[in-house]
Amino acid sequence: MSAASVRSSVAVIGGGWAGCTAAVELAHAGCKVTLYEAARSLGGRARSVELHGKLLDNGQHIMLGAYSDTLRLLRRVGIKPADALLHLPLQMRYPPGSGMDFVAPRLPAPLHLAIALLRAKGLAREDKMALARFSTSARWMDWTLYNDCTVIELLERFDQTPRLTALMWRPLCLAALNTPPERASAQVFLNVLRDSLGAHRAASDMLVPRLALSALFPAAAAQVIESRGGHVRIGARVESLQAVGSQWQVRSGPDAQAFDAVVIATPPPAAASLLEGLGASPIPSFDYEPITTCYLQYDPALCLDLPFYALEEHPETGEWGQFVFDRGQLDPDQAGLMAVVISASGQASDLGQDALGAAVAQQLARALARPGFAAPLWTKAITEKRATFACTPGLVRPGIDTGLTGLCLAGDYTSSDYPATLEGAVRSGTAAARAVLQGTAIP
């Protein structure tokens, strides 16, 4: 996007990662941007909250080296990924004595995966053969299906073993799509694997934020917008949009302001409400999946041997956690704090705060074979009830074009070959900004 001398005015409604991305890109292009956010902080479903005097994320996130748009955007707002993110090689490592230990060396692709498979512990010969067969077949198919199906159906088609499915494919599917493999889209799952396992070595790296999510991007985005003459309005809910001549009138509380273009970057229900009666293309309804992150504070001396472990999930016996992160290895001020992630967490979140915290603590004590993990100083479960849309086969997602001049959408739910991830949100925000610039009178 090139800089512009004419400062066309653009409203961006919604201060999540998609909205912040669109606003930053438009500000860099020379537009005068006003960013509206109904909540008291930016970040949307990827934000930070204060808990027991600590700034914690409403959900523990992990990114991939394949998230090229996200990494580019961080650099654009002055964040250095090398400093802000812990870079780890592709791995699926369970606590010693359980599960499996799979970690890719830093070698050129696809040699790094071949070596990782040869060295993997906890997998039988038939498991390794199944993994090699899947990877080879997916590359031969160019990671593309003629007809979408569920992830489980895809795995059965390629004779993946029950152990490999439980220890590798299921947790990867939950982490990437936040949808159980029995219902998740195989094509979208393959898209993520294509860009990570099927690309250059660094694309498969796992990137864990060292900073709280609000500090990682939204706070820096706000500074960029305001430094370029824009405005960030927190706690400002937009009630209505109205076409006035060639402009759009945005009403928030008692104030109404006219803009040359508008990007709606709210969740789908709010976007549909704003579009109601305007003659725009309809936004389909979605099913949603929650994500729960259970924080457990221990004595600061208590830590993991690695920054994070995968956990064996057995809901029938109260073992809900899928990954545990040692926050102290990301931020020294959070020593002794563990974050346990439960994707597609509907049943787990129904247990209630105390019961879930106790169950997760017992799971950690058993998995790590360290009784001290059974007695945290405090626990807190944070559930994002509509964390992502359910990424099911053949899901119809709207494009960013509303059919109305100067009005477009942004959000991880819009049409894309990616699931609802930070990268998906950033890509949609970038696409929305481009669409605005193409349709706005900027030389």
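These notes cover the structure that comes with them. Since this is a predicted model, take the numbers as computed values, not measurements. (Residues numbered from 1 in each chain as written. Predicted model: local features only at pLDDT ≥ 70, side-chain atom pairs only at ≥ 80, totals over all residues. Heavy atoms only, no water.)

The next subject is the layout of surface pockets. Unoccupied space between atoms shows up once a probe the size of one water molecule is rolled over them. By volume, the second largest pocket amounts to about 340 Å³. Forming the boundary of the second largest pocket are 17 residues, of which L113, A114, L117, A132 and S135 lie nearest the centre. Taken together, the elements giving at least two residues each to the lining of the second largest pocket come down to α4 (111-119), α5 (125-140) and α7 (162-177). With six residues, the top contributor of residues to the lining of the second largest pocket is α5. Along the lines of polarity and charge, the residues of the lining of the second largest pocket split into 13 nonpolar, two polar and two charged. (1 Å grid on protein atoms, 1.4 Å probe; cavity = no way out; pocket = protein on both sides within 12 Å on 5 of 7 lines; lining within 4 Å. Points joined across faces, edges and corners; volume = space filled by probe spheres on them. Helix = DSSP H or I, 4+ residues; strand = E, 2+ residues; numbered from the N terminus. Nonpolar A, V, L, I, M, F, W, Y, C, P; charged D, E, K, R; others polar.)

Across the junction of A109 and P110, the peptide omega takes the value -5 degrees, indicating a cis bond. Mapped onto the elements, P110 comes out in the loop between β8 (101-103) and α4.

Another aspect to go through is the sheet that holds strand β1 (residues 9-13). Judged by pairing direction, the sheet is mixed, and its six strands sit side by side in the order β10-β2-β1-β14-β21-β20 without closing on themselves. Pairing within the sheet leaves two strands with one partner each, and these edge strands are β10 (231-234) and β20 (401-404). Across the sheet, the mean angle from the axis of one strand to that of its neighbour is 15 degrees, orientation sign disregarded. (Pairing = 2+ DSSP bridges. Axes fitted to C-alpha atoms, helices over the stretch in contact; angles between N-to-C directions.)

In this section: the nonpolar core. Among the nonpolar cores identified, the biggest contains 131 residues, and L26, F102, W169 and I264 are the most heavily contacted of them. Beyond its immediate stretch of four places on either side in the chain, L26 contacts V10, V12, C31, V33, V263, A433, V436 and L437. Of all hydrophobic cores here, the second largest spans 23 residues; its members include L296, W320, V324 and L364. (Core = buried A, V, L, I, M, F, W, Y, C linked by side-chain atoms within 4.5 Å. Buried < 20%, exposed > 50% of the residue type's maximum accessible area, 1.4 Å probe, protein only. Contact = heavy atoms within 4.5 Å.)

To continue, consider the pattern of salt bridges. Across all of its chains, the model carries 17 salt bridges by this definition. One salt bridge connects D417 with R194, and the closest N-O pair in it is separated by 3.0 Å. Of the two residues, D417 is situated in the loop between β21 (407-409) and α14 (422-439) and R194 in helix α8 (residues 186-196); the sequence distance between them amounts to 223 residues. The partly exposed category is assigned to D417, whose relative accessible area is 31%. The class for R194 is partly exposed, based on a relative accessible area of 24%. Each of the salt bridges in this network shares a partner with another, and the network as a whole consists of R194, D195, D417, E423 and R427. (Salt bridge = Lys/Arg side-chain N within 4 Å of Asp/Glu carboxyl O.)

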